Amino acid sequence: STFMVEMLETSTILREASKRSLVILDEIGRGTSTFDGVSIAWAVAEFLYDKVGSLCMFATHYHELTELAQARDAIVNTSLAVKQRGKDVVFLRELRDGPANKSYGIQVAGLAGVPGPVLERADTILRSLEGHEEVDSSNPRGPVRMPQLSLFEGGHQLSVADKPARTE
(Lines give C-alpha, C1' and ligand atoms only; values in the text may rest on other atoms or scores of the structure.)
Protein backbone atom coordinates (compact mmCIF):
# COMPACT_ATOMS: atom_id res chain seq x y z
CA SER A 1 0.00 0.00 0.00
CA THR A 2 1.04 3.61 -0.34
CA PHE A 3 0.82 3.97 3.43
CA MET A 4 3.40 1.19 3.87
CA VAL A 5 5.71 2.95 1.40
CA GLU A 6 5.24 6.19 3.34
CA MET A 7 6.08 4.46 6.61
CA LEU A 8 9.17 2.81 5.10
CA GLU A 9 10.39 6.20 3.89
CA THR A 10 9.58 7.80 7.25
CA SER A 11 11.46 5.03 9.04
CA THR A 12 14.53 5.65 6.89
CA ILE A 13 14.36 9.40 7.53
CA LEU A 14 14.05 8.90 11.30
CA ARG A 15 17.02 6.51 11.37
CA GLU A 16 19.32 8.51 9.09
CA ALA A 17 18.54 12.18 9.79
CA SER A 18 21.01 14.20 11.83
CA LYS A 19 21.28 17.72 13.23
CA ARG A 20 22.69 18.74 9.84
CA SER A 21 19.68 17.41 7.91
CA LEU A 22 16.87 19.34 6.29
CA VAL A 23 13.80 17.10 6.56
CA ILE A 24 10.71 17.91 4.51
CA LEU A 25 7.63 15.83 5.34
CA ASP A 26 4.23 16.11 3.70
CA GLU A 27 1.05 14.65 5.19
CA ILE A 28 2.63 11.95 7.34
CA GLY A 29 -0.02 9.53 8.60
CA ARG A 30 -2.77 10.29 6.08
CA GLY A 31 -3.09 6.72 4.79
CA THR A 32 -4.59 5.25 7.95
CA SER A 33 -7.33 6.07 10.44
CA THR A 34 -7.48 9.63 11.72
CA PHE A 35 -6.37 8.80 15.25
CA ASP A 36 -3.57 6.51 14.07
CA GLY A 37 -2.43 9.15 11.59
CA VAL A 38 -2.43 12.03 14.08
CA SER A 39 -0.58 9.87 16.59
CA ILE A 40 2.09 8.85 14.10
CA ALA A 41 2.54 12.39 12.77
CA TRP A 42 2.74 13.82 16.29
CA ALA A 43 5.31 11.24 17.41
CA VAL A 44 7.42 11.76 14.25
CA ALA A 45 7.45 15.54 14.79
CA GLU A 46 8.40 15.11 18.46
CA PHE A 47 11.15 12.63 17.58
CA LEU A 48 12.67 14.93 14.95
CA TYR A 49 12.58 17.85 17.38
CA ASP A 50 13.58 16.11 20.62
CA LYS A 51 15.95 13.37 19.46
CA VAL A 52 17.31 14.34 16.04
CA GLY A 53 17.33 18.13 16.21
CA SER A 54 17.19 18.56 12.43
CA LEU A 55 15.63 21.48 10.61
CA CYS A 56 12.24 20.21 9.52
CA MET A 57 9.35 21.45 7.41
CA PHE A 58 6.28 19.42 8.30
CA ALA A 59 3.21 19.96 6.11
CA THR A 60 0.02 18.56 7.61
CA HIS A 61 -3.74 19.00 7.78
CA TYR A 62 -3.81 17.67 11.33
CA HIS A 63 -4.74 20.83 13.21
CA GLU A 64 -3.98 19.04 16.48
CA LEU A 65 -0.25 19.26 15.68
CA THR A 66 -0.30 23.03 15.99
CA GLU A 67 -0.22 22.47 19.77
CA LEU A 68 3.41 21.38 19.47
CA ALA A 69 4.41 25.03 18.96
CA GLN A 70 3.09 25.83 22.44
CA ALA A 71 5.19 23.11 24.06
CA ARG A 72 8.45 23.55 22.13
CA ASP A 73 10.14 26.91 21.64
CA ALA A 74 11.65 26.39 18.18
CA ILE A 75 8.50 25.01 16.53
CA VAL A 76 6.70 27.63 14.44
CA ASN A 77 3.33 27.30 12.73
CA THR A 78 2.87 28.92 9.34
CA SER A 79 0.23 28.61 6.65
CA LEU A 80 -0.48 29.84 3.15
CA ALA A 81 -2.80 32.80 2.85
CA VAL A 82 -6.19 32.08 1.31
CA LYS A 83 -8.90 34.39 0.00
CA GLN A 84 -12.39 32.95 0.04
CA ARG A 85 -15.44 34.39 -1.70
CA GLY A 86 -18.46 32.22 -1.05
CA LYS A 87 -17.40 28.70 -1.99
CA ASP A 88 -14.56 29.88 -4.22
CA VAL A 89 -11.01 30.07 -2.88
CA VAL A 90 -7.77 31.50 -4.18
CA PHE A 91 -4.54 30.21 -2.66
CA LEU A 92 -2.13 33.11 -2.44
CA ARG A 93 1.64 32.83 -2.65
CA GLU A 94 2.05 34.32 0.81
CA LEU A 95 3.29 32.52 3.90
CA ARG A 96 1.66 33.75 7.11
CA ASP A 97 2.44 33.16 10.75
CA GLY A 98 0.07 30.82 12.54
CA PRO A 99 -1.89 27.75 11.54
CA ALA A 100 -4.60 27.74 8.91
CA ASN A 101 -8.06 28.44 10.27
CA LYS A 102 -9.58 25.51 8.34
CA SER A 103 -8.95 22.92 5.67
CA TYR A 104 -9.94 23.57 2.08
CA GLY A 105 -10.16 19.99 0.80
CA ILE A 106 -13.54 20.32 -0.86
CA GLN A 107 -12.49 23.54 -2.58
CA VAL A 108 -9.30 21.88 -3.82
CA ALA A 109 -11.37 18.98 -5.13
CA GLY A 110 -13.42 21.56 -7.05
CA LEU A 111 -10.28 23.16 -8.48
CA ALA A 112 -9.24 19.67 -9.61
CA GLY A 113 -12.51 19.26 -11.53
CA VAL A 114 -14.50 16.97 -9.24
CA PRO A 115 -18.15 17.21 -10.43
CA GLY A 116 -20.47 19.67 -8.70
CA PRO A 117 -22.92 17.08 -7.31
CA VAL A 118 -20.04 15.27 -5.59
CA LEU A 119 -18.77 18.53 -4.09
CA GLU A 120 -22.25 19.48 -2.90
CA ARG A 121 -22.76 16.11 -1.24
CA ALA A 122 -19.28 16.28 0.31
CA ASP A 123 -20.12 19.71 1.72
CA THR A 124 -23.38 18.39 3.21
CA ILE A 125 -21.59 15.42 4.76
CA LEU A 126 -18.82 17.68 6.10
CA ARG A 127 -21.33 19.97 7.80
CA SER A 128 -23.00 16.91 9.36
CA LEU A 129 -19.73 15.48 10.62
CA GLU A 130 -18.58 18.84 11.98
CA GLY A 131 -21.87 18.99 13.87
CA HIS A 132 -21.10 15.53 15.27
CA GLU A 133 -24.15 14.06 13.56
CA GLU A 134 -24.38 10.64 12.00
CA VAL A 135 -24.60 10.63 8.20
CA ASP A 136 -27.41 8.54 6.78
CA SER A 137 -25.82 6.95 3.71
CA SER A 138 -29.23 5.82 2.46
CA ASN A 139 -30.39 9.45 2.12
CA PRO A 140 -28.52 11.07 -0.79
CA ARG A 141 -30.25 14.42 -0.33
CA GLY A 142 -28.97 15.32 3.09
CA PRO A 143 -27.77 14.29 6.48
CA VAL A 144 -30.17 12.78 8.95
CA ARG A 145 -29.39 12.38 12.60
CA MET A 146 -29.57 8.65 13.11
CA PRO A 147 -30.22 7.29 16.59
CA GLN A 148 -27.39 5.35 18.17
CA LEU A 149 -28.48 1.74 18.33
CA SER A 150 -28.05 0.01 21.64
CA LEU A 151 -26.44 -3.37 21.94
CA PHE A 152 -28.57 -4.18 24.95
CA GLU A 153 -32.05 -2.80 24.20
CA GLY A 154 -34.71 -3.98 21.78
CA GLY A 155 -34.61 -7.68 22.57
CA HIS A 156 -32.57 -8.65 19.50
CA GLN A 157 -29.32 -10.47 19.94
CA LEU A 158 -26.86 -10.77 17.13
CA SER A 159 -26.11 -14.34 16.18
CA VAL A 160 -24.10 -16.10 13.51
CA ALA A 161 -27.34 -16.55 11.58
CA ASP A 162 -27.60 -12.73 11.29
CA LYS A 163 -24.40 -12.51 9.30
CA PRO A 164 -24.91 -12.14 5.55
CA ALA A 165 -23.94 -15.14 3.49
CA ARG A 166 -20.52 -14.83 1.95
CA THR A 167 -20.52 -14.86 -1.82
CA GLU A 168 -17.44 -15.61 -3.82
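Bear in mind the structure is a predicted one, so any value in this text is a computation, not a measurement. (Residues numbered from 1 in each chain as written. Predicted model: local features only at pLDDT ≥ 70, side-chain atom pairs only at ≥ 80, totals over all residues. Heavy atoms only, no water.)

## So, helix H1 (residues 2–16)
This is how it is decided: Note on conventions: DSSP H or I runs of at least 4 residues are helices, E runs of at least 2 residues are strands, and numbering of each starts at the N terminus. Each residue after the first adds 1.5 Å to the expected span of a helix. Summary of the burial criterion: residues with accessible area below 20% of their type's maximum are buried, those above 50% are exposed, and those between are partly exposed, where the area comes from a 1.4 Å probe applied to protein chains only. Our arc is simply the arc of the directions from the helix axis toward the C-beta atoms. Should any heavy atoms of two residues lie within 4.5 Å, those residues are considered in contact.
With 15 residues, H1 extends 21 Å between its outermost C-alpha atoms, agreeing within 8% with the 21 Å of an ideal straight helix rising 1.5 Å per residue. All of the buried residues along H1 are Phe3, Glu6, Met7 and Thr10. Along the axis of H1, the buried positions cluster into a sector of 95°, meaning they face one direction only. Exposed and oriented more than 90 degrees from the buried face of H1 are Leu8, Arg15 and Glu16. Buried positions along H1 lie against helix H2 (34–52).

## So, the packing of aromatic side chains
Describing an aromatic ring pair means giving the distance of the ring centres and the angle of the ring planes. Here is the rule we go by: Any pair of Phe, Tyr and Trp rings, taking the six-membered ring for Trp, is counted once the centres come within 6.5 Å. Such a pair is stacked with planes under 30 degrees apart, edge-to-face with planes over 60 apart, and tilted for the rest.
With the rule as written, the count across this model stands at one aromatic pair. Plain terms: the ring middles of Phe91 and Tyr104 are 5.9 Å apart, the flat faces sit at 90° to each other, and that makes the pair edge-to-face. Of this pair, Phe91 sits in strand E4 (residues 88–97) while Tyr104 sits in the loop between E4 and helix H4 (105–111), placing them 13 residues apart in sequence. Among the residues examined, Phe91 registers a relative accessible area of 35% and is labelled partly exposed. Relative accessible area serves as the criterion here: at 12%, Tyr104 is assigned to the buried category.

## What to know about the layout of surface pockets
Just so we agree on the cut-off: Put plainly, a pocket is an open set of points on a 1 Å grid over the protein atoms alone with protein on both sides within 12 Å along at least five of seven lines, a cavity is a set where a 1.4 Å probe fits but cannot get out, and a lining residue has an atom within 4 Å of a point. Grid points are joined across faces, edges and corners, and a volume is the space filled by probe spheres set on the points. Here the term charged refers only to Asp, Glu, Lys and Arg, the term nonpolar to Ala, Val, Leu, Ile, Met, Phe, Trp, Tyr, Cys and Pro, and the term polar to all other amino acids, Gly among them.
Roughly 1,100 Å³ of volume is contained in the largest pocket. For the largest pocket, the lining is made up of 34 residues, of which Phe58, Ala59, Thr60, Asn77 and Thr78 are closest to its centre. Counting only elements with at least two residues in the lining of the largest pocket, the list comes to strand E1 (22–26), H2, strand E2 (55–59), strand E3 (78–85) and E4. Here the lining of the largest pocket gets five residues from one element, more than from any other, and that element is E2. Put simply, the second largest pocket is a space of about 780 Å³. If you go around the second largest pocket, you meet 30 residues; those closest to its centre are Ser103, Gly105, Ile106, Gln107 and Leu126. Broken down by secondary-structure element, the contributors of at least two residues to the lining of the second largest pocket are E4, H4 and helix H5 (116–130). Take the lining of the second largest pocket: its biggest share by element is eight residues, from H5. Considering only residue class, the lining of the second largest pocket consists of ten nonpolar, twelve polar and eight charged.

## Points about the packing of H1 against H2
The line we're drawing: In this analysis, axes come from line fits to C-alpha atoms, helices being fitted only over the stretch in contact, and the angle between any two N-to-C directions falls in the range 0 to 180 degrees. The cut-offs work like this: below 35 degrees is roughly parallel, past 145 is roughly antiparallel, 65 to 115 is roughly perpendicular, and the gaps in between are oblique. Two helices cross in a left-handed way if the nearer one is turned anticlockwise from the farther one by less than a right angle. They cross in a right-handed way if the turn is clockwise.
Where H1 meets H2, the axes come as close as 11 Å, and the angle between the chain directions of the two elements is 10°. When the interaxial angle is binned, H1 and H2 end up roughly parallel. Judged by the twist between their axes, the crossing of H1 over H2 is left-handed. Between H1 and H2, the residues in contact are Phe3, Met7, Thr10 and Leu14 and Ile40, Val44, Phe47, Leu48 and Val52, respectively. The class makeup of the residues in the contact of H1 with H2 is eight nonpolar, one polar and no charged.

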